[in-house]
Amino acid sequence: MIKVNLTEINKIKDKNDFLAFMDWIIKDFQNNRIEWENTDLLNYFEAIQSWIGDMEGFYQNTGQTEPKEVDWRFIATILIAAKFYE
């Protein structure tokens, strides 16, 4: 089984928690970049795409239940909006 620290993810219950998570992940990237496999935007997007393609395996390997419903349009909106938003 893959060991993944889900502490920060498991704290997310609402928008404010998600914003706190975003603060955490930004700081993690700034302070622990050496731990990141994908340190440029293209590689990060490609990793997101690959992970989504195999997300079932991630949930199985980490002993978690895969979400039954994912709002894919909302995720796409976040990604495209960040292209323009300052």
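Structural data are supplied above this passage.
No experiment lies behind these values; they were computed from the predicted model shown.

**Let's talk about the packing of aromatic side chains**
For step 1, the next point in the chain: Summed over the entire model, instances satisfying the criterion amount to seven aromatic pairs.
For step 2, the next point in the chain: Both rings, one in phenylalanine 29 and one in tryptophan 36, keep their centres 4.9 Å apart while their planes meet at 80°; by these two values the pair is edge-to-face. Note on accessibility: phenylalanine 29 and tryptophan 36 belong to one class, buried.
For step 3, the next point in the chain: Grouped by ring-pair contacts, the aromatic residues Phe18, Phe21 and Trp24 constitute a single cluster.

**Here's the deal with a nonpolar patch on the surface**
For step 1, the next point in the chain: Nonpolar side chains collect at one region of the surface, where Leu41, Tyr44, Phe45, Trp51, Ile52, Trp72, Ile75 and Leu79 lie side by side and expose about 710 Å² of accessible area between them.
For step 2, the next point in the chain: The set of elements that each furnish at least two residues to the nonpolar patch consists of α3 (41-53) and α5 (72-81).
For step 3, the next point in the chain: When residues in the nonpolar patch are grouped by element, the largest group, five residues, is from α3.
For step 4, the next point in the chain: Mapped onto the secondary structure, tryptophan 51 falls in helix α3.
For step 5, the next point in the chain: On the accessibility criterion, tryptophan 51 (35% relative accessible area) is partly exposed.

**Some details on the environment of aspartate 40**
For step 1, the next point in the chain: Relative to the helices and strands, aspartate 40 is located in the loop between α2 (15-31) and α3.
For step 2, the next point in the chain: Sequence separation between aspartate 40 and phenylalanine 84 is 44 residues, and the spatial gap between their C-alpha atoms is 18 Å.
For step 3, the next point in the chain: Here the side chain of aspartate 40 touches leucine 42 through a polar contact of 3.2 Å, landing on its backbone nitrogen.

**Description of α2**
For step 1, the next point in the chain: The end-to-end C-alpha distance of α2, which contains 17 residues, comes to 24 Å, matching closely the 24 Å that a straight helix rising 1.5 Å per residue would cover.
For step 2, the next point in the chain: Every buried residue of α2 is accounted for by Phe21, Ile25, Asp28 and Phe29. Seen from one end, α2 has its buried residues packed into an arc of 95°, which puts them on one side. In α2, the exposed residues that point more than 90 degrees away from the buried face are Asn16, Gln30 and Asn31.
For step 3, the next point in the chain: Its buried side turned inward, α2 meets α1 (7-10) and α3.
For step 4, the next point in the chain: Taking the backbone nitrogen of asparagine 16 as reference, a side-chain oxygen 3.2 Å away marks aspartate 14 as the first, capping residue of α2.

**A look at the side chain of aspartate 28**
For step 1, the next point in the chain: Mapped onto the elements of the fold, aspartate 28 is located in helix α2.
For step 2, the next point in the chain: An unpaired buried charge is present at aspartate 28: no salt bridge exists, and arginine 33, the closest side chain of opposite charge, is 9.9 Å distant.
For step 3, the next point in the chain: There is a polar contact of 2.9 Å between the side chain of aspartate 28 and the side chain of tryptophan 36.
For step 4, the next point in the chain: Look past the residues within four positions of aspartate 28 in its chain and what remains in contact with it is Arg33 and Trp36.

What counts and how
- Residues numbered from 1 in each chain as written.
- Predicted model: local features only at pLDDT ≥ 70, side-chain atom pairs only at ≥ 80, totals over all residues.
- Heavy atoms only, no water.
- Phe/Tyr/Trp six-rings, centres within 6.5 Å; stacked < 30°, edge-to-face > 60°.
- Buried < 20%, exposed > 50% of the residue type's maximum accessible area, 1.4 Å probe, protein only.
- Patch = residues over 30% accessible without salt bridge, like charges linked within 9 Å, V, L, I, M, F, W, Y side chains within 5 Å.
- Areas by Shrake-Rupley, 256 points an atom, 1.4 Å probe, with all protein chains shown as cover.
- Salt bridge = Lys/Arg side-chain N within 4 Å of Asp/Glu carboxyl O.
- Helix = DSSP H or I, 4+ residues; strand = E, 2+ residues; numbered from the N terminus.
- Polar contact = N/O pair within 3.5 Å; in protein donor to acceptor, adjacent residues only side chain to side chain.
- Expected span 1.5 Å × (residues − 1).
- Arc of directions from axis to C-beta.
- Contact = heavy atoms within 4.5 Å.
- Lys, Arg positive; Asp, Glu negative; His and termini not counted.

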